[in-house]
Structures are given as C-alpha cells and as structure tokens.
Amino acid sequence: MIKEKLTQYFTVWWIPLCFYMIPLLIVIFTPHIKKDWIIDLSLSLFFINFLGTILSSLVHLVTKKWIPAVFQIIVSFCLLFFISILFILSPPDNYGVDKEIPKGIEIYEPITEKLVEEDLIKNNLIIGSYFQPGIYTYYTDFKPKELGYFYIKAFEITSNDRLSEERITRSSKISVEDFTNQIYTGEFTIYEGSFGDKYAGRIELWFSPKNGKEYKITERNYIVEGWMR
C-alpha cells in the first residue's frame, strides 16, 4: 500500500504539486495562528515536498515525459522564490504573542497626543507612539552636567531580554553639545514582536558622558509592541 502510494507520488506528475497546498495553506493562515512550531512545520513540509517534486521530475525526464517534468520544475522554483521573498520581506515574529503583562506593577501606555511639559515634572522620561506601532519617541528634561549623549535601553520585563540592543543604542542617541535645551527628544524602534502583540517593556534612560562612566538616569515601564518590517 505504502509502496504503491510512493510510486504514484513520483510517477503521477500532478500529485507532488497538489501536496504544495498543505504548507502553503499553513503559511497563509500562520499570521492568525501565531505559533512558531507551526511555521517550522510548514517550512519543513514545503522543502520535503520540493525535493520530492524534483525527484519526480527526474523520473519523468528519464521516461521522456518532458512537459510534466519541466512544468514541475518551473512550479517548484516559482513557489520557492515566492516563499523566500515572503519570509525576507515579512518574516513572522511571534515574540510578543505569549508574553504576559505582569500585574501589580506600575506600567504606562505610550502617549499618543502632543507632549504636555508638566508630565516631565513627574518623571524624567516620557514615551510617545505617533506613527506605527513599535516606533517610539522619547522625551527627557534631565539636565546633564557634562557633555555626552543620552540613549535608551529596553528590556522585556518578564524575561529581562534586552530588546533590539544595537539598533536602539544607535538610533536613540541624543548628543548634548551645550546646556541650552530644555527638553531633549529622540526616537527608537523595537523590532521584537508584531503589530497588536503587546507586552511589558522596561525602558531605561542612560547618559554617556564624553569623559567618565555611563550611568542610568531613570527607568519606566511601558506597554510596547514590535515594528513589523
């Protein structure tokens, strides 16, 4: 029975092509399911069937069935190209799906309206979200006593994972070249997670002086989500 089915798989040209529907349907519905193991399963099934289809096309070439063989090869490589582009341009990121926002801690939503300067009296760090989820603006009225730069460190609270370490460190820098500014403003992007998958982040404001050791100014907990590339 199994031998007969395998023979049909390699000799009936359309059977391997139909099997592509299984991983493709999983990929299409993965954004709604949001489980990493399902993504891994779909990719494994796709590549197993890809190899099987290529072997099937070789069988057809040996038996001089040129048209089915060429059709199988063209469809297989077109689907391979489609899957590759899909995962390059929009790779699934389920980082925030199963993360729980802790209860019993002080945690804030990023502001979505124009900054009210009085809010900085209560805290040296305010986070805003105005454009796309995952892209944040931060404000501080902290007055450093030396030249240098501000920057942000972000952590997922329950795991203490450092979020987008190099990118945030680089993009969030605000140079302090004089002491005339009343409010300093910068931006950073969190890449872990996808739109709508919110989790708890600890946002820390740091200052690195030109001469001296860097130090943390303050920290504040915010509900964040990742920017979808």
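These numbers come from a predicted model, not from an experiment.

Novice: Now, about the pattern of salt bridges: what can you tell me, with residues and values included?
Specialist: Summed over all chains, the structure comprises 5 salt bridges. Its salt-bridge partner being Arg-162, residue Glu-165 comes within 3.3 Å of it at the nearest N-O pair. Glu-165 sits in the partly exposed class, given a relative accessible area of 44%. Taking relative accessible area as the criterion, Arg-162 reaches 26% and is therefore assigned partly exposed. Glu-219 is the partner of Lys-216 in a salt bridge, and the nearest nitrogen-oxygen pair spans 2.7 Å. One continuous salt-bridge network, built from bridges that share partners, spans Arg-202, Glu-204, Lys-216 and Glu-219.

Novice: Quick one: what's the story with the nonpolar core, residue by residue and with numbers?
Specialist: Considering soluble globular proteins, one finds that nonpolar side chains tend to be buried as a cluster. One finds Ile-127, Tyr-138, Phe-150, Ile-152, Phe-188, Ile-190 and Ile-203 to be the most contacted residues of the largest nonpolar core, which totals 26 residues. It is strand β6 (residues 199-209) that contributes the most residues to this core, 4 residues altogether. Counting residues in hydrophobic clusters, the runner-up holds 8 residues, among them Leu-17, Leu-24, Val-27 and Phe-46.

Novice: Quick one: what's the story with the packing of aromatic side chains, residue by residue and with numbers?
Specialist: Each pair of aromatic rings is reported with the distance of its centres and the angle of its planes. This model, assessed by the stated rule, comprises 19 aromatic pairs. Judged by centre distance (5.0 Å) and plane angle (85°), the ring pair of Tyr-9 and Phe-10 falls under edge-to-face. Residue classification places Tyr-9 among the buried positions, given a relative accessible area of 12%. Where Tyr-149 meets Tyr-151, the ring centres are 5.9 Å apart and the plane angle is 50°; that geometry is what we call tilted. Tyr-151 gets classed as buried once you look at its relative accessible area, which sits at 3%. The side chain of Lys-173 reaches across the aromatic face of Tyr-149, ending 4.7 Å from its centre. Positioned over the ring face of Tyr-108 is Arg-220, at 3.8 Å from the centre of the ring.

Novice: Give me the sheet that holds β6: which residues, what numbers.
Specialist: The 4 strands are arranged β4-β3-β6-β7 in an open sheet whose pairing can be described as antiparallel. The open sheet has two free edges, formed respectively by β4 (174-176) and β7 (215-224), since each of these has just one partner strand. Here the strands of the sheet are splayed against their neighbours by 25° on average, with no regard to which way each runs. Bridging between strand β3 (residues 148-156) and β4 involves 3 bridges; their strand directions are antiparallel. Note that in β4 the partner of Tyr-149 across the bridge is Ser-175.

Scoring rules and cut-offs
Residues numbered from 1 in each chain as written. Predicted model: local features only at pLDDT ≥ 70, side-chain atom pairs only at ≥ 80, totals over all residues. Heavy atoms only, no water. Salt bridge = Lys/Arg side-chain N within 4 Å of Asp/Glu carboxyl O. Buried < 20%, exposed > 50% of the residue type's maximum accessible area, 1.4 Å probe, protein only. Core = buried A, V, L, I, M, F, W, Y, C linked by side-chain atoms within 4.5 Å. Helix = DSSP H or I, 4+ residues; strand = E, 2+ residues; numbered from the N terminus. Phe/Tyr/Trp six-rings, centres within 6.5 Å; stacked < 30°, edge-to-face > 60°. Lys NZ or Arg CZ within 6 Å of the ring centre and 35° of its normal. Pairing = 2+ DSSP bridges. Axes fitted to C-alpha atoms, helices over the stretch in contact; angles between N-to-C directions.

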